[in-house]
Amino acid sequence: MSGLPHSPHALVTGGGRGIGRAIAASLVGAGATVTVLGRNAATLEEAINVGAAHFAAVADVSNEASLKAAIAEAHKRKPIDILIANAGSAESAPFSKSDSALFARMMDVNFMGVVHAVQAVLPGMKDRPYGRIVAIASTAGLKGYAYVSAYTAAKHAVVGLVRSLALEMAGSNVTVNAICPGFTDTDLVAGSIENIMKKTGRSREQAIAELAKHNPQGRLITPQEVANAVLWLCSEGAGAITGQAIAVAGGEI
């Protein structure tokens, strides 16, 4: 497998922690210049301090104006060749208690955040000799889960966007794909574990097992496993891979 072209500029939303930081660090290791974008400046600076990124941009992906301004600033520093649309949020509730505000929050962060980021980078990327867009969706973009209907709907929307945009970009050098992790060992999943413990009285080990049971391998996915898949999609050798939604889930899908 060939690697990345010479020193591309990669922008990773939600890049300060969890899956995003693992992806950013892997891209740095592969020779990319990496800008991490997120809401928490301290978390982003920490990523830079540990060598997981070179630059930081502070923005909320659900705020279109803020996000596009931050991406424009990063692009002025160096044209963006790779976009990893990773930022996301998950809230759980029975459908009967999922009001329009909950659906709006999940769509704004998980779907429109991807839309805004892609719209910001695509004009400068599509005429360049190399471009990669990778959305971090979820197995919830490929199947249903109870009690997260709003989150699942948003992630399904991301996968649909990827498949459509890939066809529009097929005549260019830009590929568009999604990675769909199963339950991954991050602070986002830690919140789900705490929620299970609180609502059911189960121990932490039992709560983790409740999530891990979805994976036939009987474990949580690691952020690095997701990063490895992203790195492959960003390689020059993956130029024919586009419009795909690749599950990293131990055989769950």
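Residues numbered from 1 in each chain as written. Predicted model: local features only at pLDDT ≥ 70, side-chain atom pairs only at ≥ 80, totals over all residues. Heavy atoms only, no water.

The protein goes by SDR family NAD(P)-dependent oxidoreductase in an unreviewed UniProt entry, where it is assigned to Bradyrhizobium arachidis. Recorded in UniProt for the protein, the comment headed Sequence similarities (unreviewed entry) runs: "Belongs to the short-chain dehydrogenases/reductases (SDR) family." (UniProt positions renumbered as here; feature names shortened; annotations may be inferred.)

Participant: Lay out the pairing of strand S3 (residues 55–58) in plain terms, naming residues and giving numbers.
Facilitator: Relative to S3, strand S2 (residues 33–38) is paired through four bridges, and the arrangement is parallel. Bridge pairing in S3 places Leu37 opposite Ala57. Taken together, S2, helix H2 (residues 41–49) and S3 form a β-α-β motif whose crossover is right-handed. (Pairing = 2+ DSSP bridges. Helix = DSSP H or I, 4+ residues; strand = E, 2+ residues; numbered from the N terminus. Right-handed = clockwise from strand over helix to strand, strands pointing away.)

Participant: Report on the UniProt feature "domain: Ketoreductase" (unreviewed entry) in the protein, specifying residues and quantitative values.
Facilitator: Per the UniProt record, "domain: Ketoreductase" (unreviewed entry) is found at residues 8–173. Secondary structure across residues 8–173 divides into 49% helix and 15% strand, with the first and last C-alpha atoms of the span separated by 14 Å.

Participant: How would you sum up the nonpolar core? Please name residues and give values.
Facilitator: Grouped together as the largest cluster of nonpolar side chains are 35 residues, with contacts concentrated most on Leu37, Ile71, Leu83, Ile133 and Val176. Counting only elements with at least two residues in this core, the list comes to helix H3 (64–77), strand S4 (82–85), helix H4 (100–125), strand S5 (131–136), helix H5 (149–168) and strand S6 (174–181). Top element by residues in this core is H4. It accounts for nine residues. Here Ile133 is in contact with Leu83, Val118, Leu122, Met125, Val174, Thr175, Val176 and Asn177, once residues within four sequence places are set aside. Ala10, Ala24, Ile221 and Ala229 belong to the second largest nonpolar core, which has 27 residues in total. (Core = buried A, V, L, I, M, F, W, Y, C linked by side-chain atoms within 4.5 Å. Buried < 20%, exposed > 50% of the residue type's maximum accessible area, 1.4 Å probe, protein only. Contact = heavy atoms within 4.5 Å.)

Participant: So, unusual backbone geometry: which residues are in play, and what are the values?
Facilitator: Within the chain, Ser7 stands out as a residue other than glycine whose phi angle is a positive 45°. The backbone of Tyr147 shows a phi angle near 75°, a positive value even though the residue is not glycine. Topologically, Tyr147 is positioned in the loop between S5 and H5.

Participant: Can you lay out the packing of helix H1 (residues 18–29) against helix H8 (residues 223–234) for me, pointing to particular residues and giving the numbers?
Facilitator: Two numbers describe how H1 lies on H8: the axes approach to 8 Å, and their chain directions differ by 50°. It follows that H1 is oblique to H8 by the angle criterion. The two elements H1 and H8 meet at a crossing, and its hand is right-handed. Between H1 and H8, the contacting residues are Gly18, Ile19, Ala22, Ile23, Ser26 and Leu27 on the first element and Pro223, Gln224, Val226, Ala227, Val230, Leu231 and Cys234 on the second. (Axes fitted to C-alpha atoms, helices over the stretch in contact; angles between N-to-C directions. Parallel < 35°, antiparallel > 145°, perpendicular 65-115°, else oblique. Left-handed = near helix turned anticlockwise from the far one by under 90°.)

Participant: Got a sec to walk through the pairing of S4? Specific residues and values, please.
Facilitator: Every second residue of S4 is oriented toward a common face, with Ile82 and Ile84 on one face and Leu83 and Ala85 on the other, all of them buried. Direction of pairing for strand S1 (residues 9–13) relative to S4: parallel, over a ladder of three bridges. If you follow Ala10 over to S4, its bridge partner there is Ile82. Across four bridges, the pairing between S4 and S5 is parallel. Its bridge partner being in S5, Ile82 is matched across the sheet by Arg132.

Participant: So, the side chain of Ser26: which residues are in play, and what are the values?
Facilitator: The residue Ser26 is located in helix H1 in this model. Owing to a relative accessible area of 13%, Ser26 belongs among the buried residues under this scheme. Not counting the four nearest positions on each side in its chain, Ser26 is found in contact with Gln224, Ala227 and Leu231.

Participant: Go over the packing of aromatic side chains with me, naming the residues and quoting the values.
Facilitator: Here the structure, examined in full by the defined rule, presents two aromatic pairs. On the basis of an interplanar angle of 85° and a centroid distance of 6.2 Å, the ring pair of Phe95 and Phe103 is categorised as edge-to-face. A residue is classified by how much of its surface remains accessible, and Phe95, at 61% relative accessible area, is exposed. For the pair Tyr145 and Phe183, a centre-to-centre distance of 5.7 Å together with 75° between the ring planes defines the contact as edge-to-face. A residue pair is termed long-range when its members are at least 10 positions apart, and Tyr145 in the loop between S5 and H5 and Phe183 in the loop between S6 and helix H6 (187–200) qualify at 38 residues. Sitting above the plane of the Phe55 ring, Arg77 keeps its charged end 4.2 Å from the centroid. (Phe/Tyr/Trp six-rings, centres within 6.5 Å; stacked < 30°, edge-to-face > 60°. Lys NZ or Arg CZ within 6 Å of the ring centre and 35° of its normal.)

Participant: Any details on the state of the cysteines? Residues and values, ideally.
Facilitator: A full pass over the atoms with the stated rule returns zero disulfides. Residue Cys180 stays outside any disulfide, its sulfur separated by 15 Å from that of Cys234, the closest cysteine. Its relative accessible area of 0% is what places Cys180 among the buried residues. The buried category is assigned to Cys234, whose relative accessible area is 0%. (Disulfide = S-S within 2.5 Å.)

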